[in-house]
Amino acid sequence: MALELKSSDNKIFEVEELVAVQSETIKSLVEDGCADNVIPLPNVDSKTLELVLDWCKNHVDMKLDEEKLKEYEDKFIEVDQAVLYDLLLAANYLNIKDLLNRACQKVADMLKGKTPEQIRETLNIVNDFSPEEEEEIRKENLWAFEE
Amino acid sequence: MSSSSSSSSSEDGNGNGGGSTSARRGGNFEGPSTSRQRAVNEVWPEHFVEALAAQVAIDASHSIGRLAAAPALANVFQVCTTWRAVSRWDALWHRLSRRIWGRTQLLHDTWRDEFVYWHRTAQNFLRGRSAHGILAFDDVDNQDGYTCRCMTISDRHLACGFADGAVRVFDLATHNHVVTLRPHERNRLGQFARAVSGIVINGATLAFATLDGDIYVAIINGGGGVIRMAHEGDVVNDGALVDFTGCGSGRWWVGLYAGAPNRAYHIWDSVTEELVYVNGSLTNPESLMGWRLLINEVTEFVGRVRVVTAIISEEEVEDEDHQLAVAVAVACTSSRLIVFDLRNPDVILGEEESNNRGFIVTSVDVSNDARYIRVDNHGHASVCRVGTLEEVCRFNIGGGGRPGSQRRVMGCMNLGYALMCAGGVITVWEVEHGRRLYHFRERIGEVNAVVANERYVAAAAATSDRIIHLWDFGADQ
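The following refers to the structure shown.

Calculation notes
- Residues numbered from 1 in each chain as written.
- Chains lettered and ligands numbered in written order.
- Predicted model: local features only at pLDDT ≥ 70, side-chain atom pairs only at ≥ 80, totals over all residues.
- Heavy atoms only, no water.
- Helix = DSSP H or I, 4+ residues; strand = E, 2+ residues; numbered from the N terminus.
- Buried < 20%, exposed > 50% of the residue type's maximum accessible area, 1.4 Å probe, protein only.
- Contact = heavy atoms within 4.5 Å.
- Core = buried A, V, L, I, M, F, W, Y, C linked by side-chain atoms within 4.5 Å.
- Patch = residues over 30% accessible without salt bridge, like charges linked within 9 Å, V, L, I, M, F, W, Y side chains within 5 Å.
- Areas by Shrake-Rupley, 256 points an atom, 1.4 Å probe, with all protein chains shown as cover.
- Salt bridge = Lys/Arg side-chain N within 4 Å of Asp/Glu carboxyl O.
- Lys, Arg positive; Asp, Glu negative; His and termini not counted.
- Charge placed at Lys NZ, Arg CZ, Asp CG, Glu CD.
- Phe/Tyr/Trp six-rings, centres within 6.5 Å; stacked < 30°, edge-to-face > 60°.
- Lys NZ or Arg CZ within 6 Å of the ring centre and 35° of its normal.
- Axes fitted to C-alpha atoms, helices over the stretch in contact; angles between N-to-C directions.
- Parallel < 35°, antiparallel > 145°, perpendicular 65-115°, else oblique.
- Left-handed = near helix turned anticlockwise from the far one by under 90°.
- Pairing = 2+ DSSP bridges.
- Buried area = accessible area lost by both parts, 1.4 Å probe.
- Polar contact = N/O pair within 3.5 Å; in protein donor to acceptor, adjacent residues only side chain to side chain.
- Nonpolar A, V, L, I, M, F, W, Y, C, P; charged D, E, K, R; others polar.

## Quick word on the overall build of chain B
For step 1, the next point in the chain: Helix and strand counts for chain B come out as seven helices and 28 strands.
For step 2, the next point in the chain: Each of the 477 residues in chain B was classed as buried or not, and the buried ones make up 59%.
For step 3, the next point in the chain: Contacts spanning at least 24 positions in sequence make up 49% of the contacts within chain B whose residues lie at least 6 apart.

Here is the structure:
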């Protein structure tokens, strides 16, 4: 059975139900009987949705071949950081556990051995602490750096 | 919309479900933007940040060591306010206390406190910071009562077994001698038949076994020293019970015997107290030695057995319920070391031959992260994974000893550290890389028994006059 998903930029994607229900979010909608019409996904653009659906499709196709799947996953997650960020937001919104885990592992690898400032630089995050807060947190975490 | 499945649920009542994302502090979140110019205050989903923080900590503990988890976490928390917020989720600390420090019981107010405590305690072990104390007892009524043969430690108690059959239990917090348990009087074959071979503590209850195979059960606090026989030894058919142990979960008792062929391992279901397995040829070469233990030479150790719970699965699964945890036994004599699954004891998971060197049986121990340690007569120590027998690290304990001679080494291991008592010195190594760290300031001479958990080390000196030495590495001294 096929489902229709609509991205934030109004592109329609037709997918097999088996593929789509890897998203727990979509699975709930199907189970609740709300999936007869087009399912709108206002938080995911078409470019990201295409990638996500490719992930889901391959996970159905390669379900039995662990090695092939791992190879696919490793290649899939080699994306630039902006795409990675969009992917993880989409995976979070759509609740796709294995994609979230893989994205999490990828980001964790990127953060290895980095200081807070280096992490901010890598991920384009702004330091929104006030000087007082910064001092507070530093004290809060002193125990972790004690000899 | 169901909540995010990336991590355990949060408890701080943050209003968002996991499915949608929203800014915590002002600003509008517009969803992943199609242009590559990014909004300045882009926000990461909190459940994702929690999973990320956990992953960073676990990766650091695997690649560098457990003590590297905390600073890695601290770096994550200091990135921005959203990331800092995750540090207040006690569920995150619970998960990490379990994964990194193996803690499932909350001993402190919060899981964050728990994590910080065990981190600091491990740091104390690394630096050799401890408080030395004495546990004293005065109810010895015969010469054999001075020789401690074995010790077992739990979070709350230390139990010591002596050559005259006495088991003395101490409260670790107060250092008080809580109770002395003695095996029933009955006709026994040999002067040392009632010597204690091993002790198992399971919460409030204790089980101990004598060299001739009796197993007794008692309640530690408020039991008044009353014991109940759970199993009567049968020395004629089984030989001597040379070591007795149990696993952390308390499900199984395992006895190692020497003296009767092909009856090396006995396994009991500790709940029903039913003997469920008897087999094993490990100690066939040691039969004669086993018998001699009953008559004399109580200071010899023929074999050792330890049990640990190992996770037998290729990957680390997030959902702990789906991890396959099995109780695995490590049994050792001077010539062989064998690892087997308690559910299926006929299948040997792995084995090691000592060849010409000979294993020092009293150096063998296991740690809760499913590793074992053993030292051979050349002083070579090897720490291996229980499941695969893959070596994690190796080191040499040094000291003299002619090749071929039996060295007297008492060893034990906890999560991260190994202690070896030889030649009157207690030395500590970290067991990620096998680095020698320091030796104890206190010189207590030759050691009859030693035991360690993640907070305490206890040792009975051969010359001890009714005392047990206790070192407390706990962070709240």
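## Focus on the nonpolar core
For step 1, the next point in the chain: By size, the foremost hydrophobic cluster in this structure holds 101 residues, and its most contacted members are B:W83 and B:F115.
For step 2, the next point in the chain: For B:W83, the contacting residues outside a window of four places in its chain are A:L111, A:I119, A:L123, A:I125, B:W44, B:V49, B:L52, B:V76 and B:F77.
For step 3, the next point in the chain: Core analysis: the next-biggest nonpolar cluster, separate from the first, contains 29 residues, B:C247, B:W252, B:Y265 and B:V305 among them.

## Section: unusual backbone geometry
For step 1, the next point in the chain: Although it is not a glycine, A:N95 adopts a positive phi angle of roughly 60°.
For step 2, the next point in the chain: Within the secondary structure, A:N95 is located in the loop between α5 (81-94) and α6 (97-111).
For step 3, the next point in the chain: Since its relative accessible area comes to 2%, A:N95 is described here as buried.
For step 4, the next point in the chain: A positive phi is found at B:E273, a non-glycine position, where the angle reads about 60°.
For step 5, the next point in the chain: Relative to the helices and strands, B:E273 resides in the loop between β12 (265-269) and β13 (274-279).
For step 6, the next point in the chain: A relative accessible area of 21% places B:E273 in the partly exposed class.

## Quick look at a negative patch on the surface
All names here are of chain A.
For step 1, the next point in the chain: Taken together, the side chains of D65, E66, E67 and E71 make up a negatively charged region of the molecular surface.
For step 2, the next point in the chain: As for its placement among the helices and strands, E67 is situated in helix α4 (residues 66-76).
For step 3, the next point in the chain: You can call E67 exposed: its relative accessible area is 67%.

## Description of the pattern of salt bridges
All names here are of chain B.
For step 1, the next point in the chain: Tallied over the entire structure, the rule returns 40 salt bridges over all chains.
For step 2, the next point in the chain: Here R186 ties to D212 by a salt bridge, and the two come within 3.8 Å at their closest N and O atoms. Of this pair, R186 sits in the loop between β5 (177-181) and β6 (196-202) while D212 is found in the loop between β7 (205-210) and β8 (215-219), placing the two residues 26 residues apart along the sequence.
For step 3, the next point in the chain: The class of D212 is buried, set by a relative accessible area of 4%.
For step 4, the next point in the chain: One salt bridge in this structure joins R374 and E352, with 2.8 Å as the shortest N-O distance. One end of the pair, R374, is in strand β19 (residues 371-376); the other, E352, is in strand β17 (residues 348-353), with 22 residues separating them in the sequence.

## What to know about the packing of aromatic side chains
Residue and element names in this part refer to chain B.
For step 1, the next point in the chain: In total, this model carries 23 aromatic pairs over all chains according to the counting rule given.
For step 2, the next point in the chain: Between F137 and F162, the ring centres sit 5.3 Å apart and the planes meet at 65°, which makes this aromatic pair edge-to-face. Here F162 lies in strand β3 (residues 157-162) and F137 lies in the loop between β1 (131-136) and β2 (148-153), a separation of 25 residues in the sequence.
For step 3, the next point in the chain: A relative accessible area of 5% means that F137 is categorised as buried.
For step 4, the next point in the chain: One Lys or Arg, R168, reaches over the ring of F162 and ends 4.8 Å from the middle of that ring.
For step 5, the next point in the chain: Taking NZ or CZ as reference, R251 lies 4.4 Å from the ring centre of W252, over its face.

## Side note on the packing of helix α1 (residues 46-63) of chain B against helix α4 (residues 90-101) of chain B
Any two packed helices are characterised by the angle at which their axes cross and by the distance between the axes.
Residue and element names in this part refer to chain B.
For step 1, the next point in the chain: Two numbers describe how α1 lies on α4: the axes approach to 10 Å, and their chain directions differ by 20°. With respect to their mutual orientation, α1 and α4 come out roughly parallel. Seen along the crossing, α1 lies across α4 with a hand that is right-handed. Of the residues in α4, those touching α1 at E50, A51, A53, A54, A57, I58 and S61 are A91, L92, R95, L96, R99 and I100.

## Some points on the sheet that holds strand β27 (residues 456-461) of chain B
Residues and elements named next belong to chain B.
For step 1, the next point in the chain: Taking strand neighbours across the sheet as the criterion, the four strands line up as β1-β28-β27-β26 in an open arrangement whose pairing is antiparallel. Each edge of the sheet is formed by a strand with only one pairing partner; in this case those strands are β1 and β26 (447-452). Here the average twist between neighbouring strands, direction ignored, is 20°.
For step 2, the next point in the chain: Bridge analysis of β26 against β27 gives five bridges, and the strand direction is antiparallel. Each residue of the ladder has a partner; that of A449, found in β27, is A460.

## Focus: the interface of chain A and chain B
For step 1, the next point in the chain: Taken together, the contacts link 49 residues of chain A with 50 residues of chain B.
For step 2, the next point in the chain: Between chain A and chain B, the buried area comes to about 4,600 Å², and carbon and sulfur atoms account for 57% of it.
For step 3, the next point in the chain: Put simply, chain A and chain B have four salt bridges between them.
For step 4, the next point in the chain: Here A:E140 makes a salt bridge to B:R84, at a shortest N to O gap of 2.9 Å.
For step 5, the next point in the chain: Joining chain A to chain B, the criterion identifies 13 residue pairs in polar contact (both at pLDDT 80 or more).
For step 6, the next point in the chain: Among the secondary structure elements, those contributing two or more residues to the side of chain A that touches chain B are α2 (24-31), α5, α6, α7 (116-123) and α8 (131-140) of chain A.
For step 7, the next point in the chain: In the side of chain A that touches chain B, the residues fall into 22 nonpolar, 12 polar and 15 charged.

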